[in-house]
Amino acid sequence: MNLVVIETKSAGKLNPASLETIAAARELGAPVAAVLLEAEETPLAAELARQGVERVLVARHPALARYSPDVWVQSLVQVIGHAQPKRVLLPHSYQVRDFAPQLATRMAAPLIADVIGFQGEGFVRPMYQGKWSAEVRAANPETIVFATIQIGAFRGQPAAGTAAPIELVTVSPSPSLLTAEAPFQEAKQAVDLSQAAIIVAAGRGIKEPKNLELVKQLADALGGELAASRPICDSGWLPMDRQIGSSGQTVAPKLYVAVGISGAIQHLVGMKGSRTIVAINKDPEAPIFEVADYGVVGNLFEVVPELVRALESSPA
Amino acid sequence: MCLKQVPAKDAPLRLAADQRSIREDVAFEINEPDAFALETGLRLKEAHGGEVAAITVGPARASQALREALAKGADRAIHVTGDDAPRLDPYAAAEAITRAIAGEKFDLILTGLQSDDAGFGQTGVIVAELQGAPHATIIMQIEPAGADRVRVKRELEGGFFQFVELPTPAVLTIQSGISKIRYATLMGIKQAKNKPLTTVTLEEIGVNPSLNRQVVEKLFAPVKSKGTTMIEGGAKEQAAKLADILRHQIRL
Amino acid sequence: MEHPKIDAPVLIVGAGPAGLACALHLARLMDAAGLAKDEIYLLEKGRAIGAHQLSGAVMDPRALLELEPDFASDPALGAIPVTDDALLVMTEEHAVRSPVTPPPLNNHGNYIINLPRLAQWLGAKVEAAGLNVFTSFAGRELLFDGRKLVGVRTDDKGVGRDGKPKSNFEPGYDIHSPIIVLAEGPRGSLTRELQGRLQLSGENPQVYSLGVKEIWDLPEGRFPRGRVYHTLGFPLPTNMYGGGWIYGLDDNQVSIGLMTALEYPDPATDCHNLFQKFKTHPYMRDLLSGGTMARYGAKTTPMGGWYALPPMTGDGWLVIGDAAGLVNSQRLKGIHFAIKSGMLAAESVFDTLTGKGTLAGYPAKVNASWIRRELWPVRNFHQGFEHGLLAGFLNTGLEMLTGGRGLRARYPSRPGHERMRKVDKLGPPPIEVVPDGKLTFNKVTDVFHSGTRHEEDQPCHLLIADTDICHTRCVREYGNPCQSFCPAQVYEMQIGEDGAKRLHLNPSNCVHCKTCDIMDPYQIITWVPPEGGGGPSY
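Here the structure is a predicted model, which means the values were calculated and not measured. (Residues numbered from 1 in each chain as written. Chains lettered and ligands numbered in written order. Predicted model: local features only at pLDDT ≥ 70, side-chain atom pairs only at ≥ 80, totals over all residues. Heavy atoms only, no water.)

### A closer look at the overall build of chain C
Inference 1: What chain C contains, in helices and strands, is 14 helices and 26 strands.
Inference 2: Against the globule reference of 24 Å for 538 residues, chain C gives a C-alpha radius of gyration of 22 Å, in line with a compact fold.
Inference 3: The dimensions of chain C, computed from C-alpha atoms along their principal axes, are 65 × 60 × 50 Å.
Inference 4: For chain C, with 538 residues in total, the buried portion stands at 63%.
Inference 5: Long-range contacts, defined as pairs at least 24 residues apart, comprise 77% of the intrachain contacts of chain C with a sequence gap of at least 6.
Inference 6: Counting every atom, chain C has about 19900 Å² of accessible surface; 53% of that belongs to carbon and sulfur.
Inference 7: Distance between charge centroids for chain C: 5 Å, based on 53 positive and 59 negative side chains. (Helix = DSSP H or I, 4+ residues; strand = E, 2+ residues; numbered from the N terminus. Rg over C-alpha atoms; globule rule 2.2 N^0.38 Å. Buried < 20%, exposed > 50% of the residue type's maximum accessible area, 1.4 Å probe, protein only. Contact = heavy atoms within 4.5 Å. Areas by Shrake-Rupley, 256 points an atom, 1.4 Å probe, with all protein chains shown as cover. Lys, Arg positive; Asp, Glu negative; His and termini not counted. Charge placed at Lys NZ, Arg CZ, Asp CG, Glu CD.)

This is the structure we're talking about:
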């Protein structure tokens, strides 16, 4: 049995990454159980039960009201001890990366991070900034294996299937050593594009800085971040922290849309690990089309406004 | 603070004969996230006094990275060395660090978020577990908060942040890009030669790849099985088709 | 601005073969005399020793044998003895092996050397000897006291693109030293500043060639290790001096390249593109089929010979190696001179430190050594080609019979950029090879494969005295040759917001070859080092 650790969004909703993790677990074939950590009863358990899992485990304790690594680790040790899964899958989120290595180590198990696929008994994960893929497996086949699943690597989708049984598991974590205050939002100093699931990038093809507005509209329509190739940042049209490429950031989002970017190799190495690449360029010979999954040869000043219109009239 | 020496950003990486590692005949440099961790440590020292020690688990070549850390202002360095160092997984590396610093008392252990080569992103947190110390990750600010406590600012997803207080000794993994990394000055480089650099072998502390909990079976070029689907038509048509693909196939 | 000051008894700028040989030999002399050496500074602008040394060279071992007699057996250096060599004469379709290899191109007894590796190998010895090599530190400016050179100012670090200090700003150091050895390589920027300030030059102007090269991974056994081929003819027309090469390295790698003299008449000449054309020759195509390009690089080499050597010493300084122009352009060899001149310089420095002599004694040492014995007979070699290949061969023959004199004592010459003709006197521009991305590449792709990296947020290191000339005079007279001669696409004329063409620079592409400084027809471009640590990573 494979256990999926569910992560919730702060508003008490299922994090889409959790659904992706369930999808990943199901690909492995064995029965899937999901564990939810909450402070008090919410409709989440029932919603979770219909997502194509065999079993839902719920750990409910006041200490789970606000995340802290030590409480999470203690609770999950107890849940895992109870459920005895072969594998534990978690989404590769900031929060998971904060506690999962501790959890795995405490249970004398490996944590294979940032998994994008499975190969036999092994897990496939990127290494060297996506230049190579690695097949990794546990050194000892007898232990539990923990794996974090790369965001966007699997397609997760909310379902409304038959409800699986929900089981309450007792956990008794000691109070956290950490005192965490409430999370707050703030304009970020620097943009961390490596965390964006959708990126729309502008290249020299946009010709003038005022045309960035057009590309931004597309980014907004898709719910993504705006980025650029080096010439745009060099000219000061966008700050350097929006630059993708060998002298900027390396990203591998779920969707990368390259608008007016020719695809010089310095740029490609920064984004070709993206799950889906869409390129819009007027030059059919542009190298960007070699890495693109979908290519549109056309005038971006015509295509992009039409695309924004089409997207806005068919909301997700 | 813990640092790792990784292949230089644009070094051409070629597969070694065993197909499960990269050839070593490339240029190396300090892992960039670790450079931010070092910078954080040096700023803490400048603001609050104290001492910064740099440690790395790496083969002979990694001493260069430690010397750079000393040149930038670290007071001393510890090189846990052995030919097997590149083959250690995060757990074994964390064990090596823990054993090498056994008997020392550090208020804070700082690491970078992850290494730019293997990118496991776990060693810092595992060190915390092995040390029995509390930890926090993706830290942007650190301030003392009374005796034996620090208040740190964590970065969360989606533009959220959070302040957390925890007792020391603690392990913190540092967010990249939080400040400009300082340059090593000429005098710094000269003075680095006279700062203590102790060497501990992996053999001495009983760490080797048999401690690994995970194993890289092989490395291969990422498989790109799909071809390019060109979308035909005039602008309006192309836009419509593409919007359709984006909404339904990619499920945005 | 305050610059921290350091006093050093000796300062060497440049950790290439010349600077390192000087440092190593000096360290040994100091050790033998029981003198302290820890205040000797060696500056290197590259990120690491060897980063800016372009590899795949053939070296005459005589100098290295003096410095390190056992070099050939050290696997850490991996010197490959030349096993066979030949001259291939190429026409558009054919490559004919010359039945006799001209003696200057006979490389029997020589070694194929990976130059970055040689630098690293020597560098390790220099550091083991206790000297400080400061990588990522460039010599940015000279410090004078009247006509006396008293020091070198290193680069300011952490300056933004707008010229303002960033939060990690560190001012450059003023390193004061009574003995400064400039070992910067071809067209060294401090050496240029020195020559400009003190009005120094050789009897002939220095002329250069640009070498554009790639390292390829080939299928097993395609080209044997140790084989050295030189080529003449295709793709260069007879009014252009130059040639290609193919060297067999370890691990089924080859170094291939094309060297073109930077004194061509047509401003649209693009040496990078000529090299791509070179690869399209049937012989090269066959050689490279199934292979992959691993690394790219470009660098200039001085070709002027003996009469183009400027004074090598002055009040407080010495110039050695390629920076001094010490290259045998006939044999295409300079590494041995770099090492030997470094060793002789070390002796002069040692003599000066111990009061047994002065820096002024250095030229006499060079004159008494095999450096002069080798360079003197070929003193007119390059200049003999002023009027084309045929004239060149005739002159060479004549020179060989007359011990180098030829038709007259000194063949005059002009600086390369003066040979560039204005576009109205020329026919259509040469047809360019369109890169296919597999055999031939565009400049930007090649730059990526040179490992070139610079801190993006820094002032531009290409100082152009008057950018108006670019879009007023140059565009009419020469058609903006900077776009063609730079092998890294640093220079581009772009249509600005007002519809007019303006010069746009991509300084972070720069591979530090100095071609722009050499070839710009108005001589308004001055190359200075960017922030230390940037540049290629060969």
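### Considering the packing of aromatic side chains
All names here are of chain C.
Inference 1: The tally for this structure, following the rule as stated, stands at 21 aromatic pairs over all chains.
Inference 2: Measuring from centroid to centroid gives 6.3 Å for Phe134 and Phe137, while their planes differ by 85 degrees, and the two rings are edge-to-face.
Inference 3: With a centroid separation of 6.1 Å and 45 degrees between ring planes, the pair formed by Trp216 and Phe441 is classed as tilted. With Trp216 in strand 16 (residues 208-217) and Phe441 in the loop between helix 10 (389-401) and helix 11 (443-448), the pair connects residues that are 225 residues apart, well separated along the chain. Pair check on accessibility: Trp216 and Phe441 agree, each one buried.
Inference 4: Members of the aromatic cluster, each reached through a chain of ring pairs, are Tyr241, Phe381, Phe385 and Phe393.
Inference 5: A cation over a ring is seen here: Arg372 above Trp376, with NZ or CZ 4.4 Å from the ring centre. (Phe/Tyr/Trp six-rings, centres within 6.5 Å; stacked < 30°, edge-to-face > 60°. Lys NZ or Arg CZ within 6 Å of the ring centre and 35° of its normal.)

### Some words on the interface of chain B and chain C
Inference 1: On the side of chain C, 28 residues touch chain B, which itself brings 19 residues to the contact.
Inference 2: Summing both sides of the interface, chain B and chain C together bury roughly 1900 Å²; the carbon and sulfur share of this comes to 53%.
Inference 3: Area buried by chain B at its contact with chain C is led by B:Tyr183, B:Leu186 and B:Lys190, which between them contribute 38% of it.
Inference 4: Salt-bridge contacts for B:Lys190 lead to C:Glu39; the nearest nitrogen and oxygen are separated by 2.9 Å. (Buried area = accessible area lost by both parts, 1.4 Å probe. Salt bridge = Lys/Arg side-chain N within 4 Å of Asp/Glu carboxyl O.)

### Some points on the interface of chain A and chain B
Inference 1: Facing 80 residues of chain A, the contacting portion of chain B comprises 73 residues.
Inference 2: Taken together, both faces of the contact between chain A and chain B bury some 7000 Å²; the carbon and sulfur share is 56%.
Inference 3: Considering only the surface of chain A that becomes buried against chain B, A:Tyr94, A:Tyr128 and A:Trp132 emerge as the three largest contributors, covering 11% of it.
Inference 4: Taken together, the connections running from chain A to chain B amount to four salt bridges.
Inference 5: For A:Glu181, the salt bridge is made with B:Arg151, and the minimal N-O distance between the two is 3.1 Å.

### Some points on unusual backbone geometry
Inference 1: Of the consecutive residues B:Thr168 and B:Pro169, the connecting peptide bond is found in the cis state with omega at 5 degrees.
Inference 2: With respect to the helices and strands, B:Pro169 occurs in the loop between strand 8 (160-167) and strand 9 (170-174).
Inference 3: Each neighbour pair has its own omega, and for C:Phe234 with C:Pro235 the value is 5 degrees, a cis peptide bond.
Inference 4: Looking at the element boundaries, C:Pro235 is found in the loop between strand 17 (227-233) and strand 18 (242-248).

### Some points on the sheet that holds strand 4 (residues 57-59) of chain C
Residue and element names in this part refer to chain C.
Inference 1: An order of 4-8-5 is seen for the three strands of this open sheet, with the pairing classed as antiparallel. In the strand order of this sheet, the two ends are held by strand 4 and strand 5 (80-81), each with one partner.
Inference 2: Pairing of strand 5 with strand 8 (residues 111-113) involves two bridges; the strand directions are antiparallel. Each bridged residue has a counterpart across the sheet, and for Pro81 the counterpart in strand 8 is Tyr111. (Pairing = 2+ DSSP bridges.)

### Describing the packing of helix 4 (residues 94-106) of chain A against helix 4 (residues 123-131) of chain B
Inference 1: The geometry of helix 4 of chain A relative to helix 4 of chain B is characterised by a closest axis approach of 8 Å and an angle of 50 degrees between their N-to-C directions. As the angle between them shows, helix 4 of chain A and helix 4 of chain B are arranged oblique. The handedness of the crossing between helix 4 of chain A and helix 4 of chain B is right-handed. Of the residues in helix 4 of chain B, those in contact with A:Arg97, A:Asp98, A:Pro101, A:Gln102, A:Thr105 and A:Arg106 of helix 4 of chain A are B:Val125, B:Ile126, B:Glu129 and B:Leu130.
Inference 2: Of the residues belonging to the contact of helix 4 of chain A with helix 4 of chain B, the class tally is four nonpolar, two polar and four charged. (Axes fitted to C-alpha atoms, helices over the stretch in contact; angles between N-to-C directions. Parallel < 35°, antiparallel > 145°, perpendicular 65-115°, else oblique. Left-handed = near helix turned anticlockwise from the far one by under 90°. Nonpolar A, V, L, I, M, F, W, Y, C, P; charged D, E, K, R; others polar.)

### Here we look at a nonpolar patch on the surface
Inference 1: There is a patch of nonpolar side chains on the surface, built from C:Leu398, C:Leu401 and C:Leu407 and spanning about 330 Å² of accessible area.
Inference 2: Inspection of the secondary structure assignment puts C:Leu407 in the loop between helix 10 and helix 11. (Patch = residues over 30% accessible without salt bridge, like charges linked within 9 Å, V, L, I, M, F, W, Y side chains within 5 Å.)

### A short note on the pattern of salt bridges
Inference 1: Under the defined criterion, the tally for this structure stands at 60 salt bridges over all chains.
Inference 2: For C:Asp217, the salt bridge identified is with B:Arg14, shortest N-O distance 3.1 Å. Of the two residues, C:Asp217 is situated in strand 16 and B:Arg14 in the loop between strand 1 (5-7) and strand 2 (28-30); the pairing between them involves two chains.
Inference 3: Judged by its relative accessible area of 19%, C:Asp217 falls in the buried class.
Inference 4: Relative accessible area serves as the criterion here: at 26%, B:Arg14 is assigned to the partly exposed category.
Inference 5: C:Arg331 is the partner of C:Asp60 in a salt bridge, and the nearest nitrogen-oxygen pair spans 3.0 Å. Of this pair, C:Asp60 sits in the loop between strand 4 and helix 2 (62-67) while C:Arg331 is found in the loop between strand 22 (317-319) and helix 7 (335-353), placing the two residues 271 residues apart along the sequence.

### Topic: the environment of A:Trp237
Inference 1: Take A:Trp237: it is sitting in the loop between helix 6 (230-234) and strand 17 (255-259).
Inference 2: Here the alpha-carbon distance between A:Trp237 and A:Lys210, two residues 27 residues apart in the chain, equals 8.8 Å.

### Structural notes on the nonpolar core
All names here are of chain C.
Inference 1: Counting residues in hydrophobic clusters, the biggest one holds 102 residues, and the most contacted among them are Leu64, Leu118, Leu194 and Ile339.
Inference 2: With ten residues, the single largest contributor to this core is helix 7.
Inference 3: Sequence-distant contacts of Leu64, defined by excluding residues within four places in its chain, comprise Met59, Pro69, Phe71, Leu77, Leu118, Trp121, Leu122 and Ile339. (Core = buried A, V, L, I, M, F, W, Y, C linked by side-chain atoms within 4.5 Å.)

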